[in-house]
Amino acid sequence: MQNLLLLLVVLTTLTFAIPKPTDGKKDRVVDKPLSEQDHFGDAHNSDYDHEAFLGEDAHTFDQLDPEESKKRLGDMVDKIDKDGDGFVTQQELKEWIQYTQKKYILEDVERQWSSHDLNRDNKIHWDEYKNTTYGFMSQEELEDDEDDGYNIKDMVKRDLRRWETADSDDDKHLTKEEFQSFLHPEDVDHMKDIVVQETLEDIDKDGDGSISLEEYVGDMWTGDDKEEPDWVKSEREQFGTFRDKNGDGKMDKDEVKDWIIPPDYDHADAESKHLIFESDTDKDQKLTKQEIVDKYDLFVGSQATDFGEALVRHDEF
């Protein structure tokens, strides 16, 4: 059991994570890389905007006092304004948001690559990955079919299936680009069916190959509350109105894909338009540095504290 707990800790750093629940609500939508926060619930959530705009550096800005936060933000605006005309357009803002998200993925891949490419040959074999990830477990534990919430044997098979799909040239090794597809399959077209399959397997408790209403709700809400929250009631309505498109009372694989990987929706585009709408005081569809700094709380500052002297990574901005 101790080895199992250790494995779960390791795996949380090795594979992509579906966004964490907010206020008890789990979000399975994986084509939503901007933030793990809900953007709009009962009220507008600025934390979503902070993480979309800053990426992994949002926590650093959360520690800034207001004046330092404004100064750093002003310096950042100069980088976003690529053509140097003194204005930030919606396209420039969109590209910046995309950059912050790509930067996180690349840094994650680099960090994990160094941990798994032990012989430094610029490729990772499945056995190399398996030994690094599961090598501390005994053969008995790896072959154990008991299902006490986590079946290790099935977890290894699931990893291997994802690995083989990422191995686009089928040479039994992953290049760094293929390894990125393995770690972040939600961002790669030929990997998206794997994301759908894994989600379906997670939620489909009766193994019928589909997701019923109760399985759908049960994945998001444990039922610990005495009274069903309003958001759960809303999700029940969403299931019947939007998720179960053919009205058969369950979601098949195609319907699950439409749910967790929504087609034709660009989150970076939507977020950049939202930030301009909220900040563009003269309504000219572009932002000056002053307009952005005046709305610093929207971009970076709602959780600012007086810890400005304890900042890290100053030069990055």
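Residues numbered from 1 in each chain as written. Predicted model: local features only at pLDDT ≥ 70, side-chain atom pairs only at ≥ 80, totals over all residues. Heavy atoms only, no water.

I'd like a rundown of the overall build of the protein, residues and numbers included.
Across its full length, the protein holds 16 helices and six strands. Across the 317 residues in the protein, those meeting the buried criterion constitute 43%. Looking at the protein alone, contacts between residues at least 24 apart form 62% of all its contacts between residues at least 6 apart. (Helix = DSSP H or I, 4+ residues; strand = E, 2+ residues; numbered from the N terminus. Buried < 20%, exposed > 50% of the residue type's maximum accessible area, 1.4 Å probe, protein only. Contact = heavy atoms within 4.5 Å.)

Help me get a handle on the confidence of the model for the protein, residues and values and all.
Here the protein averages 79 in pLDDT, and 73% of its residues register 70 or above. With pLDDT under 50 throughout, residues 31-44 is counted as low confidence; its partners more than four residues away or in other chains account for 48 contacts. This stretch, residues 301-317, has a pLDDT under 50; its non-local contacts, to residues over four places away or in other chains, come to 41 contacts. (pLDDT = per-residue confidence, 0-100.)

Summarise the environment of Glu128; cite the residues concerned and give the values.
Take Glu128: it is sitting in helix H6 (residues 126-134). In the structure, Glu128 is positioned 12 residues away from His116 in sequence and 6.8 Å away in space, judged by C-alpha atoms. Other than its neighbours up to four places away in sequence, Glu128 contacts His116, Asp117, Leu118, Asn119 and Lys123. Separated by 3.0 Å, the side chain of Glu128 and the backbone nitrogen of Leu118 make a polar contact. (Polar contact = N/O pair within 3.5 Å; in protein donor to acceptor, adjacent residues only side chain to side chain.)

Before we move on, could you go through the pattern of salt bridges and cite the residues and values that matter?
This model, assessed by the stated rule, comprises 21 salt bridges. Salt-bridge contacts for Asp75 lead to Lys71; the nearest nitrogen and oxygen are separated by 3.6 Å. Here the residue Asp75 and the residue Lys71 both occupy positions in helix H4 (residues 66-80), the gap between them amounting to four residues, near one helical turn. For Asp75, a relative accessible area of 30% corresponds to the partly exposed category. Between Glu228 and Arg236 there is a salt bridge, with the nearest N and O atoms lying 3.1 Å from each other. Judged by relative accessible area, which is 26%, Arg236 ranks as partly exposed. Through salt bridges with shared partners, a single network forms among Arg158, Arg161, Arg162, Glu198, Glu201 and Asp202. (Salt bridge = Lys/Arg side-chain N within 4 Å of Asp/Glu carboxyl O.)

Explain the packing of aromatic side chains to me, using residue names and the numbers behind them.
Summed over all chains, the structure comprises 10 aromatic pairs. Measuring from ring centre to ring centre gives 5.2 Å for Tyr216 and Phe239, while their planes differ by 50 degrees; the resulting arrangement is tilted. Of this pair, Tyr216 sits in helix H11 (residues 213-220) while Phe239 sits in helix H12 (residues 230-243), and the two are 23 residues apart along the sequence. Both residues of the pair, Tyr216 and Phe239, count as buried. Cluster of aromatic residues (ring-pair linked, three or more members): Trp113, Trp126, Tyr129, Trp163, Phe179 and Phe182. Residue placement shows Arg162 over the ring face of Phe182; its charged tip is 5.8 Å from the ring centre. (Phe/Tyr/Trp six-rings, centres within 6.5 Å; stacked < 30°, edge-to-face > 60°. Lys NZ or Arg CZ within 6 Å of the ring centre and 35° of its normal.)

Residue-level account of unusual backbone geometry, with values.
Positive phi is not limited to glycine here, since Arg120 has a value of about 55 degrees. Within the element layout of this structure, Arg120 appears in the loop between helix H5 (90-116) and strand S2 (124-125). Of the residues examined, Arg120 reaches a relative accessible area of 53% and is grouped as exposed. Non-glycine residue Gln285 carries a positive phi angle of around 65 degrees. Along the chain, the position of Gln285 falls in the loop between helix H14 (267-279) and strand S6 (286-287). For Gln285, a relative accessible area of 57% puts it in the exposed group.

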